Protein chains: 2
Amino acid sequence: MTDQEILTILHCMDARVKKMDRNAYIFRAGESTEHMGLVLSGSVLVIQEDLWGHRNILAKVLPGDFFGESYAATPGSVLNVSVVANEDAEILMLNVNHLLTTCKNSCTHHNHLIRNLVSVLAGKVLQWDSKITHISKRSTREKILSYLSSESIRQGKLAFDIPYDRQQLADYLSVERSAMSAELSKLKKEGILDTQKNHFVLRGIPE
Amino acid sequence: MTDQEILTILHCMDARVKKMDRNAYIFRAGESTEHMGLVLSGSVLVIQEDLWGHRNILAKVLPGDFFGESYAATPGSVLNVSVVANEDAEILMLNVNHLLTTCKNSCTHHNHLIRNLVSVLAGKVLQWDSKITHISKRSTREKILSYLSSESIRQGKLAFDIPYDRQQLADYLSVERSAMSAELSKLKKEGILDTQKNHFVLRGIPE
DNA sequence: ACCCCTTTGTTGGAAAACAAACATACTTGT
DNA sequence: ACAAGTATGTTTGTTTTCCAACAAAGGGGT
């Protein structure tokens, strides 16, 4: 596309850049929205939290990736999650309704964009599938190994970084940080993996 | 749409009806597919299972609803789930690639169908969100109550049926059937709910 | 009505996670 | 270099789940 076309589309979708400070809320559970977010810089967390401090991290969204598309694309839906900036971040907010309802200008690119939206949504479902795979495991150890091995496969190496610190990983896997930490130590002692900070090396089970 | 138009579209998407016996597999984890399924009659379960008999039910799909769209819409993806007939069922298989790649006949309805696909996918993400909400809860009791109250809200009544039997509910919530059964008894004794078979009545917490 | 088979409820010991507290790095700012 | 704050690892009771086995209830077919 030419710059002009991109500008037209951005205007079509009512695009606006928002600068968010660390820990600022972009969406709050209970609200509804027509906009989806695209992370330009920094990162955001998609979370659920209750009044007792339990925080469930559904995903960390990095630059180039979207969030909130499903709520924006479902009229009448109410956000079941909140989105907070994990660090200072720039977010491009895009109105999905403007994309889905044929616009007056009848952008020839609308259809292409909608197909892209299909890819984004399908990818999100697959991502959710794999999160469900991990947290459905019954023990902390299995959840850890399920997550790490899928990350290892996804990144195509046995040594890789994960986007979470310990507390965040525990919140992502829905387990106690302390129990997880203990389990990681065990796995180290057994030689199944090695880790320092957010860097992991899987060794596989010795025969 | 006229019958003729519908027929054209069905042909476009390589539509075929499959009759499945109870317990027959429609998709197996590890396969890939260009087709999504539409349940015409009966019902199917979207599951993950391991070699030790643990079965995680991701969803029960009833007539009028789809399954497999996300894998079909993501070229190169591999099924992370299996789909089995929960009872004798008729399934309409639709080729999503034919829908996404502009067809030679250039069906004028393609765009409309793709928008519908967006809705279906967005709805699926929301459904997954709520499943994650339930199984992220730390105790069996909380998982049960999270699921039941969301079903109650969704159906708009305090008395409602759920689509699962006890074993299936346990598999959906990723807990032990026996522990769940015990917890349900407790909740009954405490007067928080009542249940017989798959019918539930929520009473709320007595003040 | 009877038997068989499936579903649901109950129990008890073993194992695991939870929660809170503390110890030990590791950062960050000054 | 220091101090304060944060992140990570460790430990200890307590609570809960898991698992296996059994009991009770319900359904279907003959």
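Below is a short write-up of the structure. As the structure is a prediction and not an experimental result, all values here were calculated from the model.

The rules behind each value
Residues numbered from 1 in each chain as written. Chains lettered and ligands numbered in written order. Predicted model: local features only at pLDDT ≥ 70, side-chain atom pairs only at ≥ 80, totals over all residues. Heavy atoms only, no water. Helix = DSSP H or I, 4+ residues; strand = E, 2+ residues; numbered from the N terminus. Buried < 20%, exposed > 50% of the residue type's maximum accessible area, 1.4 Å probe, protein only. Lys, Arg positive; Asp, Glu negative; His and termini not counted. Salt bridge = Lys/Arg side-chain N within 4 Å of Asp/Glu carboxyl O. Polar contact = N/O pair within 3.5 Å; in protein donor to acceptor, adjacent residues only side chain to side chain. Contact = heavy atoms within 4.5 Å. Least-squares fit on C-alpha atoms with pLDDT ≥ 70 in both. Phe/Tyr/Trp six-rings, centres within 6.5 Å; stacked < 30°, edge-to-face > 60°. Lys NZ or Arg CZ within 6 Å of the ring centre and 35° of its normal. Pairing = 2+ DSSP bridges. Axes fitted to C-alpha atoms, helices over the stretch in contact; angles between N-to-C directions.

**Description of the side chain of Asp129(A)**
Residue position: Asp129(A) is located in helix H4 (residues 110-136). In this structure Asp129(A) is buried but unpaired, with Lys124(B) as the nearest side chain of opposite charge at 7.8 Å. In this structure the side chain of Asp129(A) is engaged in a polar contact, spanning 2.4 Å, whose partner is the side chain of Trp128(B). With near-sequence residues (within four places) excluded, Asp129(A) lies in contact with Gln48(B), Leu58(B), Tyr71(B), Asn80(B), Val81(B) and Trp128(B).

**Observations concerning the relation of the copies chain A and chain B**
Note on the identical chains: chain A maps onto chain B by a rotation of 180 degrees and an axial translation of 0.0 Å, with an RMSD of 0.0 Å. Within this description, the copies of the chain are treated as partners about a two-fold rotation axis.

**Things to note about the packing of aromatic side chains**
Residue and element names in this part refer to chain A. In this structure the tally under the stated criterion is nine aromatic pairs over all chains. Summarising the aromatic geometry, the rings of Phe27 and Phe67 are spaced 5.8 Å apart at their centres and angled 70 degrees between planes, so their arrangement reads as edge-to-face. Remark: Phe67 occurs in strand S6 (residues 66-67) and Phe27 occurs in strand S2 (residues 25-27); sequence separation between them is 40 residues. With respect to burial, Phe27 and Phe67 carry one shared label: buried. Here Tyr147 and Tyr164 contribute two aromatic rings whose centre-to-centre distance is 6.5 Å and whose plane-to-plane angle is 45 degrees, an arrangement assigned as tilted. On the criterion of sequence distance, the pair formed by Tyr147 in helix H5 (residues 140-155) and Tyr164 in the loop between strand S9 (159-161) and helix H6 (166-173) is long-range, its members being 17 residues apart. For Tyr164, a relative accessible area of 5% translates into the label buried. Cluster of aromatic residues (ring-pair linked, three or more members): Tyr147, Tyr164 and Tyr172. The residue whose ring lies beneath Lys124 is Trp128, and the NZ or CZ to ring-centre distance is 5.6 Å.

**So, the sheet that holds strand S7 (residues 82-85) of chain A**
If you trace the four strands from one edge of the open sheet to the other, you get S2-S7-S4-S5 (chain A), paired in antiparallel fashion. The strands lining the two open edges of the sheet, one partner per strand, are S2 and strand S5 (55-61) of chain A. In this sheet, adjacent strand axes meet at a mean angle of 30 degrees when their direction is disregarded. Pairing of strand S4 (residues 44-49) of chain A with S5(A), which is carried by six bridges, proceeds in the antiparallel orientation. The partner of Ile47(A) across the bridge, within S5(A), is Ile57(A). Here helix H4 (residues 110-136) of chain B sits on the sheet and contacts S4 and S5 of chain A; the angle it forms with S5(A), its principal contact strand, is near 140 degrees.

**Some points on unusual backbone geometry**
Of note, the phi angle at Asp14(A) is positive, near 55 degrees, even though the residue is not glycine. As for its placement among the helices and strands, Asp14(A) is situated in the loop between helix H1 (3-12) and strand S1 (16-20).

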